[in-house]
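Take a look at the letters that make up each chain.
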Amino acid sequence: MDAFTELIGGFGTALTPTNLLYAFIGVLLGTAIGVLPGIGPAMTVALLLPLTRGLDVTGALIMFAGIYYGGMYGGSTTSILLNTPGESASVVTAIEGNKMAKAGRAAQALATAAIGSFVAGTIATLLLAVLAPTVADLAVEVSPADFFAIMVLAFIAVTSVLGSSRIRGLAALCIGLTIGLVGIDITSGQQRLTFGIGELADGIDVVVVAVGLFAVGEALWTAAHLRRKPIDVIPVGNPRMSRSDFRRSWKPWLRGTAIGFPFGAIPAGGAEIPTFLSYVTEKRLSQHPEEFGKGAIEGVAGPEATNNASAAGGLVPMLTLGIPTTATAAVMLAAIQSYGIEPGPQLFDKEPELVWGLIASLFVGNTVLLLLNLPMAPLWAKLLRIPRPYLYAGILFFSSLGAYAANANTFDLFLLLAIGALGFMMRRYGIPVLPAIIGVILGPYAEKELRRALQLSNGDVGGLFEPISIVVYVIVGLILLWPLVRRFMPRKVVPGVLEEATHEIEEAHSPHGLTDSVSVSGTARARQGFDGAHDSDSSGL
Amino acid sequence: MSSAAPGGTTEQGRSEFGVALFLAALGVLVIVMAVLIPESRIARGPVGPATVPIVVGGLMVVVAGFLALDVLRGGRGEPEGGEDVELTGRSDWRTVLLLAAAFVANAVLIEPLGWPFSGAILFWGAAFALGSRHAVRDAVIALGLSFGTWYLFALGLGVVLPVGILRGIL
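The number of helices and strands found in chain A is 20 helices and 2 strands. The buried share of chain A, reckoned over its 541 residues, is 65%. Taking contacts inside chain A between residues at least 6 apart in sequence as the whole, the part at least 24 apart equals 81%.

Dropping the structure here:
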């Protein structure tokens, strides 16, 4: 019950007029930016980071909660109306959502996504409020060696489970770890990889890395391959749902929440596997399986709820362990760190007002999102028509603004361009961006824990292997060896329904000549996700 | 470097070795720089400042090797798709270079000229690079954005962006 008293206190923080205003602005801006084509939730948060510079920590985090949810909802709007998911988590939503939109049911698709996100977000935030303090209490007992092991797990999971090529995921991780190494080593005071450049001594600002890799890299990459044809956007009226739409949606919303939250909460999460699982589940349980592939509302309601629930679940490891599992959480973690606050087990004891204010504002943000997005959907749909030159010029404009405002230093602008070029190269050769960003943010912490662990054991490497960490390393080993293990597994371990659904997603996606490349990568990811799903089953996660 | 390759997937194979080479070179650089770190007097604990960079650099070299092997065996990195991306054609280097030029112009001019003008140059130049030919309309939007953000940051957020030549006027 303690959590509830704290939560009520949190509402006291979140519901002051100023903070309510921040939440409102956050949702509004988050949705407006997130709905723009080519801008996923992580880029939305990175681009809007500078706006919170002038605020105090609590206000900034409350605004972030709004931006976070707004950005995610904006992303699903784009995938429903354009059939082009801005990020991997909304690949599944696009399948049925866009079919519904094409069949003239865009309004219903957007409504079930909005209400589903609200339901899932609310339940999942409640779960977060109940679970997080307990996890934090347990995490206090976790030794540096165990922490290091969990971070290794996060590194391996993010490189192996997501994306289509493990070796390229590892390459991305190495690049990120290297960027994270730049600067003065905290324990020895030595400069590393600074090349005598004074600006590099403090390390490379995470904002510059995130904005460079996501925003500048994306703008340059898109510019090199800009589609010169106009894109057809499906017009949309006010979202509304009939009684039968509701009847068909409420169970998928709840099931989606149940699937999404645990997947988000484990430090190897991400939203791709659970959204895919939700799609398969809904298809199997639906009373109208024949509608799947033609625009079944369950296929939007389930995955969208899952997506939001896993986002809230992802805040559990982020707040209690300081380990982000998605790009968006990684950027938010960087934002929290920029205020000199280190998320981790002690956060709940040291900054209760801040944490509970944040959790309460997640509820507020979620509600504002629903109130705002149902009536404003037609307006958001119009934003999809923004002329592309202005869109990408605007991305570069705001990226530069954000990078400069961070430290008021022109050096950061050149650094931003260099990292943007790196982001371009990574996109060009299929090297995923997420492991790099996780490497930049978690790398220094992993090193710190490693060194603390070895200090405690007086340099004995055996000190790295404690009961919890051994279990974690076994899981890491299983993930790494999965391709080998799978070869020796009997065939029937793979349930037929998953195979069938993968096939169907392939079918559903390929006929659109317009977005061929997207669909191919979407399927590859979905397949990969489906491998990963087995992985976690077998390792008992 | 590696990114100098055309955008089509046909010639990608050879240029992808460039990525492996880049990673290997970066890995070696990280190791060399780590080895060159002078002995520290205030270092505590058994693990010094060089250990982790050597491990990361080593891992990078190994990854580069495996990547080269993967490319040799026909593996190809999959270029990222997107809402406005068309991967059928070659890379449009002219647009990319013009964009980079607009970007650098802002970086160079932001302090002498001030954000209200350098930002506008960046926006206008980028829009031009991307094919917009409404010179006047673009300029109005660009100036509106840069002056608007300057005031928003200075008044609303307390972050003062460079004023440059408009000192005393804004």
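This is not the end of the story, as more comes after the structure.
Quick look at the overall build of chain B now. For chain B, the helix and strand inventory stands at 5 helices and 0 strands. When the helices and strands of chain B are placed in sequence order, the string is α-α-α-α-α. Split into buried and exposed, the 170 residues of chain B put 39% on the buried side. Of the contacts made within chain B by residues no fewer than 6 positions apart, 56% connect residues no fewer than 24 positions apart.

We now examine the packing of helix H1 (residues 2-14) of chain A against helix H14 (residues 352-383) of chain A. Residues and elements named next belong to chain A. Relative orientation of the contacting elements H1 and H14 amounts to 75°, with a least axis distance of 7 Å. Put simply, H1 runs roughly perpendicular to H14. Side by side, H1 and H14 meet where Glu6, Leu7, Gly9, Gly10, Phe11, Thr13 and Ala14 of the first sit next to Pro352, Glu353, Trp356, Gly357, Ile359, Ala360, Ser361 and Val364 of the second. Grouping the constituent residues of the contact of H1 with H14 by class yields 8 nonpolar, 5 polar and 2 charged.

Below, the discussion takes up the environment of Arg167(B). Residue and element names in this part refer to chain B. Mapped onto the elements of the fold, Arg167 is located in the segment after helix H5 (135-157). Overall, Arg167 belongs to the exposed group, with 9 C-beta atoms counted inside 10 Å. Along the primary structure Arg167 and Leu69 are separated by 98 residues, whereas in three dimensions their C-alpha atoms are 58 Å apart.

Let us now look at the interface of chain B and chain A. Contact residues are listed per partner, giving 70 residues for chain B and 68 residues for chain A. Broken down by secondary-structure element, the contributors of at least two residues to the side of chain B that touches chain A are helix H1 (12-35), helix H2 (51-72), helix H3 (93-113), helix H4 (115-129) and H5 of chain B. Here the side of chain B that touches chain A takes 10 residues from H3(B), the largest share from any one element.

Residue and element names in this part refer to chain A. Between its terminal C-alpha atoms helix H5 (residues 91-140) stretches only 37 Å, short of the 74 Å expected from 50 residues at 1.5 Å a residue. Maximum bend of H5: about 135°, positioned at Gly104. The buried fraction of H5 amounts to 37 of the 50 residues, a majority that puts the element mostly inside the structure.

Our next topic: H2(B). Helical periodicity: at 3.6 residues per turn, an α-helix aligns residues three or four positions apart in one direction. All names here are of chain B. Relative to the 32 Å expected for 22 residues at 1.5 Å per residue, H2 spans 32 Å between its end C-alpha atoms, a close match to the ideal helical length. Turning to H2, its buried residues are Val52, Pro53, Val56, Gly57, Met60, Val63, Ala64, Leu67 and Val71. Down the axis of H2, the sector holding all buried residues measures 130°, keeping them to one side. Residues Leu69 and Leu72 are exposed on H2 and point more than 90 degrees away from its buried face. Of the residues trailing H2, Gly74 is marked for its positive phi of about 95°.

Another aspect to go through is the packing of helix H2 (residues 17-34) of chain A against helix H4 (residues 57-82) of chain A. Residues and elements named next belong to chain A. Here H2 crosses H4 at 30°, and the two axes come no closer than 6 Å. Here H2 lies roughly parallel to H4, going by the angle between them. As for how H2 packs across H4, the hand of that crossing is right-handed.

As a further point, take the nonpolar core. Counting residues in hydrophobic clusters, the biggest one holds 226 residues, and the most contacted among them are Ala46(A), Ala210(A), Val211(A), Leu396(A), Ile437(A) and Ala126(B). Element by element, the count of residues in this core is highest for H5(A), at 24 residues. Excluding residues that lie within four positions of it along the chain, Ile437(A) makes contacts with Gly176(A), Val209(A), Ala210(A), Leu213(A), Ala327(A) and Ala330(A).

As a further point, take unusual backbone geometry. Residues and elements named next belong to chain A. A positive phi angle, near 55°, is found at Leu193, a position not held by glycine. Following the sequence through the fold, Leu193 ends up in the loop between strand S2 (191-192) and helix H8 (206-224). Leu193 sits in the buried class, given 20 other C-beta atoms within 10 Å. Backbone geometry places Phe195, a non-glycine residue, at a positive phi of 55°.

So, about the confidence of the model for chain B. Residues and elements named next belong to chain B. Counting all residues, the mean pLDDT for chain B is 83, and 88% of those residues have values of 70 or more. Contacts of residues 1-10 to residues separated by more than four positions or lying in other chains number 25 contacts, the stretch itself having pLDDT below 50. Reported confidences for the modelled complex are a pTM of 0.80 and an ipTM of 0.89.

Let us look at the environment of Gly322(A). All names here are of chain A. Structurally, Gly322 is set in the loop between helix H11 (298-321) and helix H12 (327-337). For Gly322, a count of 23 C-beta atoms within 10 Å puts it in the buried group. Contact partners of Gly322, with chain neighbours within four places excluded, come to Leu333, Glu342, Pro343, Gly344 and Tyr445.

It is worth spelling out the confidence of the model for chain A at this point. All names here are of chain A. Per-residue confidence for chain A gives a mean pLDDT of 80; residues scoring 70 or more make up 85%. Mean pLDDT across the elements of chain A bottoms out in helix H20 (residues 516-538) (37) and peaks in helix H16 (residues 410-428) (93). With pLDDT under 50 throughout, residues 492-498 is counted as low confidence; its partners more than four residues away or in other chains account for 5 contacts. In the model, residues 507-541 has pLDDT below 50 throughout and makes 55 contacts with residues more than four positions away in sequence or in other chains.

Moving on to the environment of Leu69(B). Within the element layout of this structure, Leu69(B) appears in helix H2. It is 9.4 Å that separates the C-alpha atoms of Leu69(B) and Ala20(B), two residues lying 49 residues apart in sequence.

Basis of the calculations
Residues numbered from 1 in each chain as written. Chains lettered and ligands numbered in written order. Predicted model: local features only at pLDDT ≥ 70, side-chain atom pairs only at ≥ 80, totals over all residues. Helix = DSSP H or I, 4+ residues; strand = E, 2+ residues; numbered from the N terminus. Buried ≥ 20, exposed ≤ 12 C-beta atoms within 10 Å, placed from the backbone. Contact = placed C-beta atoms within 7 Å. Axes fitted to C-alpha atoms, helices over the stretch in contact; angles between N-to-C directions. Parallel < 35°, antiparallel > 145°, perpendicular 65-115°, else oblique. Nonpolar A, V, L, I, M, F, W, Y, C, P; charged D, E, K, R; others polar. Expected span 1.5 Å × (residues − 1). Bend = angle between axes of the 7 residues up to and from the residue. Arc of directions from axis to C-beta. Left-handed = near helix turned anticlockwise from the far one by under 90°. Core = buried A, V, L, I, M, F, W, Y, C linked by C-beta atoms within 7 Å. pLDDT = per-residue confidence, 0-100.

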